[in-house]
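Next come the chains, spelled out residue by residue.
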Amino acid sequence: MISTSERAPGRRRLAQTGTISLRFGLLALVAIGIAGATFELAFERHWESPTQLIPWAALGVLTLALILLAFGGSPRTVTVVRVLALVVLLTAAYGGFVHVSVNYGAGGSDSEWSTLSPLTQWWYAATKTVGFAPPLAPGMLAQSALMLLLASLTSKRREPAGLGA
């Protein structure tokens, strides 16, 4: 019969392999999200005003954070990556607010707009019933930033055999 202590190293290696695979998968999804958001912004010609350049800067920050996390592993690097990802999350929240606000403003051109309740007006703006700005588009940035934060919680390297509890 094999004791639990004799099986523990094998289980530890399996758990570490799973963690490394999870980290790689999250980093790959972040890269795909960055590429998708980049193409979407380019297709929409999202560069006509200074405000429209904000998501481009956020993509640059997110790309830098991805590279730092993929190739660096020090605690300081992980902290920097987490701060950068949080900055992108805040940027995405601002983008969602701006998109809904732009749509809300566009509702004023509708003759029936003033007859609607404020709650209905904001609902129409948030669901793009009025306006042209996609309120969920900044969510691509937020999703990638969250995945990067999750990837920062995983370990990059395997522990040598026999070490660890």
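Residues numbered from 1 in each chain as written. Predicted model: local features only at pLDDT ≥ 70, side-chain atom pairs only at ≥ 80, totals over all residues. Heavy atoms only, no water.

Caption draft 1: Broad picture of the overall build of the protein. Assigned secondary structure in the protein consists of five helices and zero strands. Listed N to C, the secondary structure of the protein is α-α-α-α-α in terms of helices and strands. By the burial criterion, 30% of the 165 residues in the protein qualify as buried. Taking as baseline every contact in the protein between residues at least 6 positions apart, the subset at least 24 positions apart corresponds to 71%. Roughly 10,400 Å² of accessible area belongs to the protein as shown, and the carbon and sulfur atoms make up 69% of that amount. (Helix = DSSP H or I, 4+ residues; strand = E, 2+ residues; numbered from the N terminus. Buried < 20%, exposed > 50% of the residue type's maximum accessible area, 1.4 Å probe, protein only. Contact = heavy atoms within 4.5 Å. Areas by Shrake-Rupley, 256 points an atom, 1.4 Å probe, with all protein chains shown as cover.)

Caption draft 2: Representation of the layout of surface pockets. Estimated volume of the largest pocket: approximately 610 Å³. Going through the elements one at a time, helix H1 (4-43), helix H2 (54-71), helix H3 (75-107) and helix H5 (138-152) are the ones with two or more residues in the lining of the largest pocket. Sort the elements by how many residues they give to the lining of the largest pocket and H3 lands first, with seven residues. A class-by-class count of the residues in the lining of the largest pocket yields 15 nonpolar, seven polar and four charged. (1 Å grid on protein atoms, 1.4 Å probe; cavity = no way out; pocket = protein on both sides within 12 Å on 5 of 7 lines; lining within 4 Å. Points joined across faces, edges and corners; volume = space filled by probe spheres on them. Nonpolar A, V, L, I, M, F, W, Y, C, P; charged D, E, K, R; others polar.)

Caption draft 3: Expanded view of the side chain of histidine 46. Checked against the element boundaries, histidine 46 lands in the loop between H1 and H2. The class for histidine 46 is buried, based on a relative accessible area of 16%. Excluding anything up to four places from it in sequence, histidine 46 contacts Leu41, Gln52, Pro55, Trp56 and His99.

Caption draft 4: Structural view of the nonpolar core. Within the largest apolar cluster, 25 residues are counted, with the highest numbers of intra-cluster contacts made by Leu62, Leu69, Leu141 and Leu148. Listing elements by their share of this core, those giving two or more residues are H1, H2, H3 and H5. Beyond its immediate stretch of four places on either side in the chain, leucine 62 contacts Ile34, Val88, Leu141, Ser144, Ala145 and Leu148. (Core = buried A, V, L, I, M, F, W, Y, C linked by side-chain atoms within 4.5 Å.)

Caption draft 5: Focus on a nonpolar patch on the surface. Together, Ile54, Tyr94 and Phe97 make up a nonpolar patch on the protein surface, roughly 300 Å² of accessible area in all. According to the relative accessible area criterion, tyrosine 94 is partly exposed, its value standing at 41%. (Patch = residues over 30% accessible without salt bridge, like charges linked within 9 Å, V, L, I, M, F, W, Y side chains within 5 Å. Salt bridge = Lys/Arg side-chain N within 4 Å of Asp/Glu carboxyl O.)

Caption draft 6: A look at the packing of H3 against H5. Packing of H3 against H5 leaves a shortest axis separation of 8 Å and a crossing angle of 160 degrees. If you check the angle between H3 and H5, you find them roughly antiparallel. Remark: the crossing between H3 and H5 carries left-handed chirality. Where H3 approaches H5, its residues Val78, Val81, Arg82, Ala85, Leu86, Val88, Leu89, Ala92, Gly95, Gly96 and His99 are matched on the opposing element by Pro138, Leu141, Ala142, Ala145, Leu146, Leu148, Leu149 and Ser152. (Axes fitted to C-alpha atoms, helices over the stretch in contact; angles between N-to-C directions. Parallel < 35°, antiparallel > 145°, perpendicular 65-115°, else oblique. Left-handed = near helix turned anticlockwise from the far one by under 90°.)

Caption draft 7: Structural context of the side chain of asparagine 103. By the element assignment, asparagine 103 lies in helix H3. Among all residues touching asparagine 103, those that are not within four sequence positions of it are Ala125, Lys128, Val130, Gly131, Phe132, Ala133 and Pro135.

Caption draft 8: Structural context of the packing of H3 against helix H4 (residues 118-126). Their axes nearest at 8 Å, the elements H3 and H4 cross at an angle of 120 degrees. Compared by their axis directions, H3 and H4 come out oblique. Crossing geometry of H3 relative to H4 is assigned as right-handed. Packed against H3, whose contacting residues are Val100, Ser101, Asn103 and Tyr104, the element H4 presents Gln121, Trp122, Ala125 and Ala126 at the interface. For the contact of H3 with H4, the class distribution of residues is five nonpolar, three polar and no charged.

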